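Fold and contact review
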Amino acid sequence: MSTSTAKTTIVVGAGVIGAAIAYDLQKRGRNVTLIDRDAPGSGASFGNMASIAVTEFMPVARPSTWKQIPGWMMDPEGPIRVSPRYMPRLIPWFIRFLAASRPSAVRRLEAAGAALCERSLADTQALMAEIGIEEQLSQTGCLSLYANESEFQADRERIDMLDRFGFDYEVLDAAAIRTLEPEITNQITKAVLLPDNRTVADPYKFVERLVELFKGRGGVLRQADVTGFERGERITGVRLDSEVLRADEVILCAGAFTARLSKLLGEPMPLETERGYHTQIMAPGIEMAHSIIWPAKAFMVSPTADGIRVGGTVEMAGLDAAPDYRRSKLTVRRAREALPNLQVEEFTEWMGHRPALPDTIPVMSASAKTPGVFYATGHGHLGLTYAATCAHLMGELITGGRPSADMSPYRIDRF
Amino acid sequence: MSYNVKLSGVMPALVTPFDADNNIDFDAFGKLLQHFRDCGVTGWVPNGSTGEYFSQTTEERRAVLQFVKDFANDDEILIAGTNAPATREVIEQTQIAKGIGYDNVLLAPPFYTRPTQDELIKHYETVLAEVDVNLVLYSYPAKDGADISFELMDHFADNPRVIGIKESSGVLQRAIDIASRYEGKIQLISGSDDIALDFMFWGAESWICGPSNCMAKACCELDRLYQAGDLTAAKDLMKKLYRAMNILESGKFVQKIKYGAELQGMPVGECRAPLGPLTVAEKAEFKAAMEPILAM
């Protein structure tokens, strides 16, 4: 596929986004090198909740957000936890976050997320089939649980949004819930079935298979730290510790770490990290077909290939602070309220850094400063969900095709 | 979405090439289509007014539709112009198109008779009832002598077979109004070439584009830049295109388009009578406007 005239392209970041972009660009005839300082798929793409969460595009910042913020600071058990020590560094991000919660902005941001989510399942299915791992994707969706009518009403905002954009869902009563998932506690009296929110049995396999095919077709994988860039009128290379790799194009998709790289190019972006936790329970003692979320308790449970994965809650404490596994203990406690028979004996705990932009909308864009540089980051809690769609759109954008979606909402110079 | 077919990108409103004997020149046609495909068009709209359907026999119209259909790939949108002065004839032409494999037709109000809005609604309903096709409305009142009113669009807004409107009135306010009133119901299609970028801004995701016959690369690039979110570059390109687009809109549209095709090195012959050749001065003016575009 590669020819002597083909452009040389470097993709920085081998999470699910970078792996999918490298794979896509290679298909489009580019000579691609994929660089990561760690093994592919070992960051946020490893420990996510394994969900193609097509209905979860609601911007985090909403008009109702303002009154919740004091709780985030004070309550260490709240759904979002802001480390008081980290707060001073968060202030510029928070100002933008609050600006994104204006009603007029929220509607626009919802539409930008919906435009990706409405095609993400089909794009994911197509990509998984193409790389021969379609069996990894479940046929069943996700159940959103409510203990009572007031919990359901509190989640109305989300359901109204699904109505506005025409996403499928079905409201279930207690009997229907028990038929679908007998393990769910009787406390739950109502649920919304989200049929398109599928589970990926092992999200790590997705990255692994993409990289395996990429390498098999002549792609180069390098484990190295990117320390700088070479550029004149446009980008000409990527600097590693002791060498320079020549490049016609550079794609920066290093998740939460992308802002450190873009800063080296004089193009800062307001990227923070939502630290996410999970607990992988190898012998849960129960079986589930659907993933579940319980909005009032802010956790998610996904049935994966290696047992049951429990996660949820967001912690804002930057890239350097040590994990605080009290966060994952807390979500497991809540998950056991929903699943009383869940046994938590053999388990592992994990923390990773999701890339969070203040308006919840990813950056998928050409650099506004350096020709030949592109960015794909800020996918928040939807990295796995957006990966196939993002790779397709970035492939079109980078190779000069007509992007099959309006890319203006995802530009880097919007901030 | 309440329409059957999603339209996107640049779809040339194709000229029909004629040879020196005034017969359809399919060799030239084939080269032209290949060139458009290489430039990145997304579909084909044969036998509109740019295709001089008015000058063709039924057999010629059939042959053009068949030729384009045979050329088209499965992922390219096909929309046939099946206009005629009377409802009965529109149905006949639409049946022919459907028989060849066109699932979408572009229909202006029948010319000359100036039907009322009620008559026009009846006209479109009859065609839709007789032939199983999707309809793209075509608004060009200066040419047709009849409006496509909001009352008419209200009537068809919830009909999934009425998929869009090619708005060629040149009135930007109408584009804004259509985009606001019928979002998700009737797709706004750019048909006012000298304000094409404004149409994109107001949500026109597709462009049934006459000028692409002589500047396909530039038209596709404008559409691509807008989609890529690069508004500054799109604006710069629109400035470059504007003079030529505006000269086209000022009269002798098809004659100038065909001359433009000659300028880009793919001659398609002259227009059929009553349309005649351009004057020397008209050619010079259009050539000057085309030069920066052809240099791209």
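Calculation criteria
- Residues numbered from 1 in each chain as written.
- Chains lettered and ligands numbered in written order.
- Predicted model: local features only at pLDDT ≥ 70, side-chain atom pairs only at ≥ 80, totals over all residues.
- Heavy atoms only, no water.
- Helix = DSSP H or I, 4+ residues; strand = E, 2+ residues; numbered from the N terminus.
- Rg over C-alpha atoms; globule rule 2.2 N^0.38 Å.
- Buried < 20%, exposed > 50% of the residue type's maximum accessible area, 1.4 Å probe, protein only.
- Contact = heavy atoms within 4.5 Å.
- Buried area = accessible area lost by both parts, 1.4 Å probe.
- Salt bridge = Lys/Arg side-chain N within 4 Å of Asp/Glu carboxyl O.
- Polar contact = N/O pair within 3.5 Å; in protein donor to acceptor, adjacent residues only side chain to side chain.
- Axes fitted to C-alpha atoms, helices over the stretch in contact; angles between N-to-C directions.
- Parallel < 35°, antiparallel > 145°, perpendicular 65-115°, else oblique.
- Left-handed = near helix turned anticlockwise from the far one by under 90°.
- Pairing = 2+ DSSP bridges.
- Patch = residues over 30% accessible without salt bridge, like charges linked within 9 Å, V, L, I, M, F, W, Y side chains within 5 Å.
- Areas by Shrake-Rupley, 256 points an atom, 1.4 Å probe, with all protein chains shown as cover.
- Lys, Arg positive; Asp, Glu negative; His and termini not counted.
- Charge placed at Lys NZ, Arg CZ, Asp CG, Glu CD.

Some details on the overall build of chain B
Along its length, chain B carries 12 helices and nine strands. The C-alpha atoms of chain B give a radius of gyration of 18 Å, which matches the 19 Å a tight globule of 296 residues would have. Viewed in the frame of its principal axes, chain B has a C-alpha envelope of about 45 × 45 × 35 Å. In chain B, which comprises 296 residues, the share counted as buried stands at 56%.

Overview of the interface of chain A and chain B
On the side of chain B, 10 residues touch chain A, which itself brings 11 residues to the contact. Interface area for chain A against chain B, summed over the two sides, is near 840 Å², with a carbon-plus-sulfur share of 46%. For the pair chain A and chain B, the interface holds one salt bridge. Residue Asp223(B) is joined to Arg402(A) by a salt bridge in which the shortest nitrogen-to-oxygen separation is 2.2 Å. Joining chain A to chain B, the criterion identifies seven residue pairs in polar contact (both at pLDDT 80 or more).

A few points about the packing of helix H1 (residues 16-27) of chain A against helix H9 (residues 203-216) of chain A
For any two helices packed against each other, the geometry is given by the interaxial angle and the distance between the axes. Residue and element names in this part refer to chain A. Viewed as axis vectors pointing N to C, H1 and H9 meet at an angle of 30°, and their least axial separation amounts to 9 Å. As far as their axial angle goes, H9 and H1 are roughly parallel. Crossing of H1 over H9 shows left-handed handedness. Where H1 abuts H9, its residues Val16, Ala19, Ala20, Ala22, Tyr23 and Gln26 lie against Phe206, Val207, Leu210, Val211, Leu213 and Phe214.

Notes on the pairing of strand E5 (residues 142-146) of chain A
Residue and element names in this part refer to chain A. Taken across its five residues, E5 has five buried, putting it largely inside the fold. Bridge analysis of E5 against strand E7 (residues 190-194) gives five bridges, and the strand direction is antiparallel. Of the residues in E7, the one forming a bridge with Leu143 is Leu193.

Observations concerning a negative patch on the surface
Residue and element names in this part refer to chain B. Taken together, Asp118, Glu119, Glu151 and Asp154 make up a surface patch of like negative charges. Among the elements of the structure, helix H4 (117-130) and helix H6 (150-156) are those that each provide at least two residues to the negative patch. Topologically, Glu119 is positioned in helix H4. Classification of Glu119 as partly exposed rests on a relative accessible area of 47%.

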